[in-house]
Amino acid sequence: MSNLTYTRSDFQSDQEVRWCPGCGDYTVLASVQSFMTQMGVPRENIVVVSGIGCAARFPYYMNTYGFHTIHGRAPTIATGLATSRPDLSVWVVTGDGDALSIGGNHLIHALRRNVNIKILLFNNQIYGLTKGQYSPTSEVGKRTKSTPFGSIDFPFNPVSLAIGSEASFVARTLDMDRNHTQYVLGEAVNHTGSAFIEIYQNCNVFNDKAFIALTGRAERAVNRINLQEGKPVVFGGSGESCVVMEDGEARIKPTSSVDPDQILVHDPSRENPSVAFSISRLSHTPHGPTPLGVFRNISRPTYGSEMQQQIVDAQNRGPADLDALFGSAGTWEVT
Amino acid sequence: MSNLTYTRSDFQSDQEVRWCPGCGDYTVLASVQSFMTQMGVPRENIVVVSGIGCAARFPYYMNTYGFHTIHGRAPTIATGLATSRPDLSVWVVTGDGDALSIGGNHLIHALRRNVNIKILLFNNQIYGLTKGQYSPTSEVGKRTKSTPFGSIDFPFNPVSLAIGSEASFVARTLDMDRNHTQYVLGEAVNHTGSAFIEIYQNCNVFNDKAFIALTGRAERAVNRINLQEGKPVVFGGSGESCVVMEDGEARIKPTSSVDPDQILVHDPSRENPSVAFSISRLSHTPHGPTPLGVFRNISRPTYGSEMQQQIVDAQNRGPADLDALFGSAGTWEVT
Amino acid sequence: MTSPTAHAEAGVSDPSPNGDITPLRQVTVRFAGDSGDGMQLAGNRFADTSAAFGNDLFTLPDFPAEIRAPAGTLPGVSSFQIQIADWDISTSGDRPDCMVAMNPAALKTNLMDLRQGGTLIVNSEAFDERGLAKAGYEDSPLMDGSLNQYDLIEIPMNTITKEAVADKVSGRSVLRSRNFVALGFLAWLFQRPLEPIITWTESKFAKLPMVVAANLAALRAGYNFGITTETSRSIFQVKPASLPPGVYTSITGNTALAWGLIAASYCAKLPLYYGSYPITPASDILHELARHKRLGVRTFQAEDEIAAIGAVIGASFGGSLAVTGSSGPGISLKSEAISLALTAELPLVVVNVQRAGPSTGMPTKPEQTDLLFSLFGRHGESPLPVLACATPSDVVETTIEAARIALKYMTPVILLSDNHIANGSEPWRVPDAADLPDISVPFASAPNGAGGRFLPYLRDFNTFSRPWAIPGTKGLEHRIGGLEKENISGDISYNPDNHQLMTDSRAWKVANIANDIPPVEVHGELDANLLVLGWGSSKGTMGAACRNLNREGYKIAYAHLRYLNPLPANLGDVLHSYEKVLIPELNTGQLRYVVRANFLKDAFGLNKVTGTPFYIGEIRDRILEVLES
Amino acid sequence: MTSPTAHAEAGVSDPSPNGDITPLRQVTVRFAGDSGDGMQLAGNRFADTSAAFGNDLFTLPDFPAEIRAPAGTLPGVSSFQIQIADWDISTSGDRPDCMVAMNPAALKTNLMDLRQGGTLIVNSEAFDERGLAKAGYEDSPLMDGSLNQYDLIEIPMNTITKEAVADKVSGRSVLRSRNFVALGFLAWLFQRPLEPIITWTESKFAKLPMVVAANLAALRAGYNFGITTETSRSIFQVKPASLPPGVYTSITGNTALAWGLIAASYCAKLPLYYGSYPITPASDILHELARHKRLGVRTFQAEDEIAAIGAVIGASFGGSLAVTGSSGPGISLKSEAISLALTAELPLVVVNVQRAGPSTGMPTKPEQTDLLFSLFGRHGESPLPVLACATPSDVVETTIEAARIALKYMTPVILLSDNHIANGSEPWRVPDAADLPDISVPFASAPNGAGGRFLPYLRDFNTFSRPWAIPGTKGLEHRIGGLEKENISGDISYNPDNHQLMTDSRAWKVANIANDIPPVEVHGELDANLLVLGWGSSKGTMGAACRNLNREGYKIAYAHLRYLNPLPANLGDVLHSYEKVLIPELNTGQLRYVVRANFLKDAFGLNKVTGTPFYIGEIRDRILEVLES
Ligand SMILES: Cc1ncc(C[n+]2csc(CCOP(=O)(O)OP(=O)(O)O)c2C)c(N)n1
Ligand SMILES: Cc1ncc(C[n+]2csc(CCOP(=O)(O)OP(=O)(O)O)c2C)c(N)n1
Ligand code: SF4
Ligand code: SF4
Ligand SMILES: [Mg+2]
Ligand SMILES: [Mg+2]
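The following paragraphs examine the structure supplied in this document. (Residues numbered from 1 in each chain as written. Chains lettered and ligands numbered in written order. Predicted model: local features only at pLDDT ≥ 70, side-chain atom pairs only at ≥ 80, totals over all residues. Heavy atoms only, no water.)

1. Observations regarding the environment of Arg281 of chain B
Cut-off, in case you're wondering: Helix numbers and strand numbers start at the N terminus; a helix is a DSSP run of H or I with at least 4 residues, a strand a run of E with at least 2. The contact criterion used is simple: two residues touch if any of their non-hydrogen atoms lie within 4.5 Å.
Within the secondary structure layout, Arg281 of chain B lies in the loop between α9 (274–280) and β11 (290–297). Along the sequence, Arg281 of chain B and Ala250 of chain B sit 31 residues apart, while their C-alpha atoms lie 7.7 Å from each other. Those residues in contact with Arg281 of chain B that lie beyond four places of it in its chain are Glu166, Asn272, Pro273 and Ser274 of chain A together with Asn157 and Ser160 of chain B.

This is the structure we're talking about:
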């Protein structure tokens, strides 16, 4: 398969892309399309499954197999597809409402089962398609059409939730940063099993600049905590800040104030998710320093391969056929 | 209200209790009834809401208000009740299937919202009422009616999941240990907001001895890690084991091998949930040393009181009436 | 809204090209432009000034289904239609008589609706190469003669706007006021007063005086453009309508639903609790209710539709007026919980703002396809009352009625609306709160059984309702649930005869509501051969078609159903007293199915599922066809 | 299962108290005892030995609804009923002719069903003070004369068991073999061969030789008790039935459904994917399928019913034979996703094992109350095929047929069963796999449009199905979804005419299936005045009642529907050719509603909602009533 030569246009369908001009979704689409030219999987073996929302329009624009399903249920449809067809590369595209509000249960179950699907959660901290209600990732106090006096519920931290749900691969990236997005996608594809990728995505119409702390020219250098496997976690324009584990939790310190040995060396492959979880707590809604990259990446059998294996094992124990089944409960003959 | 004098029988309804003889549910029922005699809340202000399952029969046996609803949805019904009637003491009784399988989404949303409800999750690691299928907390490889070749999905750790869902109060107790159960209930009631209590409950018919590591005469002393606020976490018959934070995660050590200062001092009130989460990872399905007690107990505004406050604030801004509403979009008169 | 006198409600006399003033009974105007062009604002202002002038009117916006399509493209077009009349109307009109097209895309997607000879107003400067290309025009329709059959008015709106606002704003916002130019021109063309528009603009943009100034300058420029350049043109005049006297406000169906719920809570003396999950076209009910915390309204945006109804069932158990609202896909998800409320016998209003299905379908388009689903969309024997709103101005009353039935009979009630009603608007005669009906019901306050026992399923002799005992009431502690309950005691029961009794009781309770609702009223020519029977949002169009035909001498009777379950007690007799029955509905024949099943009475159908409301002409044609058959 | 010759299927001639051998055409026996008493085992062994003997039979267990109630209490009683006959039957019998009551609680909860004069066998030693108290008896019914109207046989089963097993087991397990004593006695009373019981016991407990020895000793002790102490008693004889020749196995409806699905997957040459969430009474389908991984079956226990159907929609998209199963409350939750599959036009079988509703209802009791819900339980215009199983032995064929329709017409199909079919069992003539129909359909393999384009909604001319192109097929990459799709291309479309066309196409596709299913067959006296029409699990009882009456000379025709949507093409004509139609159903008249709506034909109803199946007598009485009306 490595001799597949694709260009980005091979992954562009004939449908006109119809997000609002300036929407972060365009950039993610481009990143995914570019990435797939290199992925080494034939186009016909790729399926993109989505729920409902702006982001969920994604499959229409991909010249692969695609299924635009119903609100919140994409992980279930992808689960059936991936477990019945382990030969396919199955992707889920979802939004913060789709995945975390109506679809929260399917998400956490897909993650704990480690179904071999790659989940791209476009988190714009708003309901885009329904024109601007607050979502389970909106910050407290958010004023929207449905919360004119400010929202009163504490938001999820999607990375913490995924880790709490036993996810084997958890990452976060940013719409605007195509290189980082493609790096994270690469790690996700190399991981066997479910991969959860939160993508901060700007909705310039209903929630503009929600991620300005990470995208603003002035702010981004100070706030992006770039997680890199095997590297000490330092950040800031000149590495002036770092992360240490202290008193059982990840904390940000001036690099100059700590012994270099104390700086946390990032290891997403740790079986125990405690440190990954703790790193996820460095930010909640991302208004300050926020970790990006792969938080957790461990290996665990996938649900689909185990399902397949049980069939193979059973079949190895001897042949079976329909006639034998029909006779299996004992028969008698009437002549 | 403190001059209420109740005896346990005041909380017993006239319905015959119909769990299998020997079921752990009986003990929990007794603990809750005893506890409520001391709770200081008039019986008529208590409502027990449940879903479907063996455990969910609970409300019928309580001489309070009760609502046996539908599978998985008890947290939603309790949410509506608690937020519309902040004067009530609202309890949810649920099972591992009810709360974590079909009802997983409602659970995590009720927790992040911090609705003022007390959730008792009877975790017997099996579907009891439907006669013995594996549940989202059953250990991998479990053979049940629906998994004759062994289950293949990795279970949730309910405490980790609750912490990952931003729960403000998370605890675990054991059916058999009435004192501990009542202690945990007391902490939950003193906490304002949602309280999540996992109760290990023996289903002697379909999953007997699942918690033998914590209930067996021989095993329990070695395996119960009793979390006590402000105390160093030591356990074992003579305190021979302890928990330390090492390399960013909670680990078990022989007490003799560590400096007493190194032993983790339990503090459920830490705002940052990292350590609580890490403690929850000391066991998964409880076959060895397992923490019991209150993992996390922080204070955060409750959803119901915030909802109420917005109404009060709005009303303080000036009077409103229906006639004013009808006229609010501008009117004209036809004569 | 039945009109005491019959008028020609379809068609409009041709505006003479060079007369002076053309008097009209009614006229339909459509504003079409890019989503960014402010067409909704212009349309609404035109409506308001017409209302102030005294016309009856009905408006209907049409938003693009797409997110926010690129400016100037076909999917980006947004429009707003309004019918104004000198008498009592209930539709937004069939084909527009007059249309504004702000750009080529708006022209392309709307032109086919403009009636032959209609007035077409375009921003000529938008028909440049780029604009034409985006709309997929090869040649400019302004040049190629393809618009010859219309009365075309080209206005250089960009220039006019720029000049008018030159000293007020600058840069990219200059052209923002274009819609006011169009509005000003229409105000001249239809002789509308500018005062209401000016007042509104001043208060709306109070914090942005530059915007006020620019918009008003543009408004006047548009008006003056009419006066100065089109002096020879006939202007239109629609006289004030003689509506029943009273205070009116303009209301959309969704706003009316929200207000109806607040009114019901007032009439029931109960706090309102609305749980919902956003979905087109029901979201605006949530948005509107969320604003009214001063009136004690609790709104809960739930994690999904199941949680939304779960929460309101909880609130109902706790003694609130509990309501949930959604549209097709979301209502599906509520089915299991509705069944719980039904057997728990708790009051609940479930609002379904219907949209085109199946599945996601066409979320922004209306359809009446959820009738059978409302009646039968639950497992087991699970009858419940179903009501349908007819027009925006009818919604408040129907909503209060739904709540009344829910509370009195301790049952979930399904209240149907649809996209057309939800977004359409018309004048609504505002009642005095003090005149609204009292729909309050008492909570149980004392044991009703021997020995001080409380019996939650001891039914009221007349209504067959069970008592509503809310937590906090000492001595009434009890348990309810979804398992079958023993009659009277409410204890769990598997007894066969009891299950039969309870099934029958639930059915009888709902059927008996037929004695508590008005009989269906027949209008038009009562001794006709043909009865036209409608429900829901087809009321306005159906009524108009029938009244026109009556006026023309055709013998037709017509009736409209607010209550779909139980059906009015006299409906069977009414139906059987006509030789022919015609049922127009925006589905494949659902009420017809119900009528056949209930009354063994055949009916003709007029059915369409195109995501568009009926035209008067369609109903008229079908009636004539049926009359002749 | 229609019998070529007509017999009296209800009632049984009185066993003479001191005759020798009483020959019977059929007899109904019920085993009742505590859940821990092994009544299901005893009943099943009695069924097996009767089957081996050559009788036709039908069995029906009745489990306690409660979890595992305390031993000896009323809620703890479990029973098992079996009818055996020398001819082709399809019911578990009306009232038992013979009953075993292992304790007072079993007697109390079952006695009312025993027919007058029936044989009653009790374990006399269980009627001690404790046992009586637990069952709420003040005096022993064995002493107070209240059983005088029955033929009472008291057996000291405890003593007999203890003695028989004395040298084999000890302690608390001694009494475990009591059910074998009862079974042995019944084997004597009905002259059943012991051999099949012995063989089964030996193989079942192969690893526990002591248990085998104890049980067989008890079995023989019971048999010998009959020989020695009841010499003067008449014994019963039911001769072998003359069933069509073939190999038979005993099958429950749920097992048959699982096997039917495996067979369908074989016939379709597609892997089977079953996604489900446990729910009574559908769980056993999942359990059975989970065992057959050797046959390539994939089972997925999902987190809820929505996930279950979601997964199978995914599997269907991927090319599996995809099936989900549940019961009422769970089916409600699937409504939105069924609508997706319907508009995505993907093949799917949705199994609904109906139980008593609404809401949680009575989970272990049968009802036929989900017919209208199956037809109309989705928002929008969303028609789909509905089939219903009739008896356990009919399930395999009906299931294959459901799959055939789903695949050929690319549509979800609802397959109805109910609690009665699901747990009932009867002999099923085992087909050769090689004789089963080929229901395979080809996947699309090449572009079907100009320029190598693949058009996912280009329909087949005959079936109106769209092509099934599965991922992995190069060149057929395409996108589908829940929004309305343009005809042929499948692109999203909001075009009004297209929505009408697609709505009509989906409706027509389903309606057209009427041409691909057999016409309804009428049995009995074809030129009668009255047609009795049934569907689902009432088939056996209805047929028996009608055949009896035919034999007695009454002119009655009867027919049974497997296809509820579309209805057989000839049904209208058939119905209109009878003056009277009677529809017995375990609901409040749902098929009657459908018949009235579709054919404007009135029908009498026989409706009950008690959570119990019909008795032959009930149907008989109602037929006579209708005949006279
Ligand atoms: C069952 C159901 N409920 C509600 C909706 C309406 N709906 C569509 S998308 C959406 C939320 C979109 O938010 P998100 O998932 O964050 O996606 P975004 O539009 O922001 O990309 C909602 C509530 C629906 N289509 N179906
Ligand atoms: C919608 C719906 N799906 C499925 C069921 C069947 N059901 C009842 S309880 C239950 C699971 C019970 O397990 P758990 O919650 O762990 O409770 P337990 O019986 O073990 O106490 C299931 C699947 C149902 N009643 N409703
Ligand atoms: S509404 Fe927001 S998320 Fe949706 S397309 Fe527009 S900018 Fe993007
Ligand atoms: S099945 Fe298990 S959980 Fe249920 S009542 Fe019996 S012992 Fe308890
Ligand atoms: Mg979003
Ligand atoms: Mg459980």
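What follows continues from the structure just given.
2. Topic: the site of ligand 1
In plain terms, the rule: When at least one non-hydrogen atom of a residue lies within 4 Å of a molecule or strand, that residue is treated as near it. Polar contacts, as used here, are pairs of N or O atoms within 3.5 Å; protein pairs need one atom able to donate a hydrogen and one able to accept it. Residues neighboring in sequence count only if both atoms are side-chain atoms.
Surveying the vicinity of ligand 1 reveals 22 residues, the closest of which are Cys54, Asp96, Gly97 and Asp98 of chain A together with Glu305 of chain C. Those residues lying near ligand 1 are distributed over chains A, C and D. Separating an oxygen atom of ligand 1 from a side-chain N or O atom of Asp96 of chain A is a distance of 2.6 Å. Here an oxygen atom of ligand 1 and a backbone polar atom of Asp98 of chain A are 2.7 Å apart. Counting residues per element, the shell around ligand 1 draws most heavily on helix α3 (residues 96–102) of chain A, which supplies 4 residues.

3. Some thoughts on empty space enclosed by the protein
Keep this limit in mind: The distinction between a cavity and a pocket rests on a 1 Å grid over the protein atoms alone: a 1.4 Å probe fits inside a cavity but cannot get out, while a pocket stays open yet meets protein on both sides within 12 Å along at least five of seven lines, and a residue with an atom within 4 Å of a point counts as lining. Grid points are joined across faces, edges and corners, and a volume is the space filled by probe spheres set on the points. Only Asp, Glu, Lys and Arg are considered charged, only Ala, Val, Leu, Ile, Met, Phe, Trp, Tyr, Cys and Pro nonpolar, and every remaining residue, Gly among them, polar.
One number sums up the size of the largest cavity: a volume of about 180 Å³. Looking at the largest cavity, it is lined by 21 residues, and the ones nearest its centre are Ser146 and Thr147 of chain A, Gln310 of chain B together with Lys293 and Thr299 of chain C. Class assignment of the residues belonging to the lining of the largest cavity gives a composition of 11 nonpolar, 7 polar and 3 charged. Lining of the second largest cavity is provided by 17 residues; of these, Tyr303 of chain A, Ser146 and Thr147 of chain B together with Lys293 and Thr299 of chain D occupy positions nearest its centre. Taken together, the residues of the lining of the second largest cavity break down into 8 nonpolar, 7 polar and 2 charged.

4. Considering the site of ligand 3
Neighbouring ligand 3 are the residues Trp19, Cys20, Cys23, Cys54, Asn124, Gln201, Cys203, Asn204, Val205 and Phe206 of chain A together with Ile67 of chain C. Close to ligand 3, residues of chains A and C are found. Here the shell around ligand 3 is built from residues that sort into 8 nonpolar, 3 polar and no charged.

5. A few points about the interface of chain D and chain C
Applied cut-off: In short, buried area is how much 1.4 Å probe accessible area vanishes from two parts on joining, totalled over both. A carboxyl oxygen of Asp or Glu within 4 Å of a side-chain nitrogen of Lys or Arg is what we treat as a salt bridge.
Facing the 61 residues of chain D at the interface are 61 residues of chain C. Both sides of the chain D and chain C interface together cover about 5100 Å² of buried area, and 62% of this is carbon and sulfur. Its largest share of buried area at the contact with chain C, chain D owes to His379, Glu381 and Tyr494 of chain D, together 15% of the area lost on that side. For the pair chain D and chain C, the interface holds 0 salt bridges. Between chain D and chain C we count 26 residue pairs in polar contact (both at pLDDT 80 or more) in total. Its residues assigned to classes, the side of chain D that touches chain C shows 22 nonpolar, 27 polar and 12 charged.

6. Structural notes on helix α11 (residues 328–344) of chain D
Residue and element names in this part refer to chain D. Put simply, the rule reads: Here the expected length of a helix is defined as 1.5 Å per residue gap, with one fewer gap than residues. Take the seven residues that end at a residue and the seven that start at it, fit an axis to each, and the angle between those axes is the bend at that residue. Residue burial is assigned from relative accessible area. The probe radius is 1.4 Å, only protein chains are included, and a residue is buried under 20% of its type maximum, exposed over 50%, and partly exposed in between.
Counted at 1.5 Å a residue, the expected span for α11 with its 17 residues is 24 Å, and the 24 Å between its end C-alpha atoms agrees. The largest bend along α11 reaches roughly 50 degrees and is located at Ser335. Most of α11 sits out of view: 17 of its 17 residues are buried. Two residues or fewer past α11, Glu345 is found with a positive phi of approximately 55 degrees.

7. A few points about the relation of the copies chain D and chain C
Spelled out, the test is: The copies were overlaid with a least-squares fit restricted to C-alpha atoms from residues scoring a pLDDT of at least 70 in each copy.
When chain D is brought onto chain C, the operation consists of a screw motion whose angular component is 180 degrees and whose axial shift is 0.0 Å, with 0.1 Å RMSD remaining. The operation mapping one copy onto its partner corresponds to a two-fold rotation axis.

8. Considering the coordination of the magnesium ion (ligand 6)
The test is simple: For Na, K and Ca the donor cut-off is 3.2 Å, and for all other metals it is 2.8 Å, counting N, O and S atoms only; because water is absent from this set, sites may look incomplete.
Of the protein atoms, only Asp96 of chain B (OD), Asn124 of chain B (OD1) and Ile126 of chain B (O) coordinate the magnesium ion (ligand 6), at distances of 2.0 to 2.1 Å. Its relative accessible area of 2% is what places Asp96 of chain B among the buried residues.

9. Thoughts on the packing of aromatic side chains
What counts, and what does not: In this analysis, rings of Phe, Tyr and Trp, with Trp reduced to its six-membered ring, are considered paired at centre separations within 6.5 Å, and the interplanar angle assigns stacked below 30 degrees, edge-to-face beyond 60, and tilted for intermediate values.
For the structure shown, the criterion picks out 49 aromatic pairs over all chains. Taking 6.4 Å as the distance between ring centres and 45 degrees as the angle between the ring planes, the aromatic pair formed by Trp19 of chain A and Phe58 of chain A counts as tilted. One end of the pair, Trp19 of chain A, is in the segment before α1 (24–38); the other, Phe58 of chain A, is in the loop between β1 (46–50) and β2 (65–68), and 39 residues separate them in sequence. Given a relative accessible area of 0%, Trp19 of chain A falls into the buried group. Judged by its relative accessible area of 1%, Phe58 of chain A falls in the buried class. Relative to Phe205 of chain C, the ring of Trp200 of chain C has its centre 6.1 Å away and its plane inclined at 90 degrees; by these criteria the two rings are edge-to-face.

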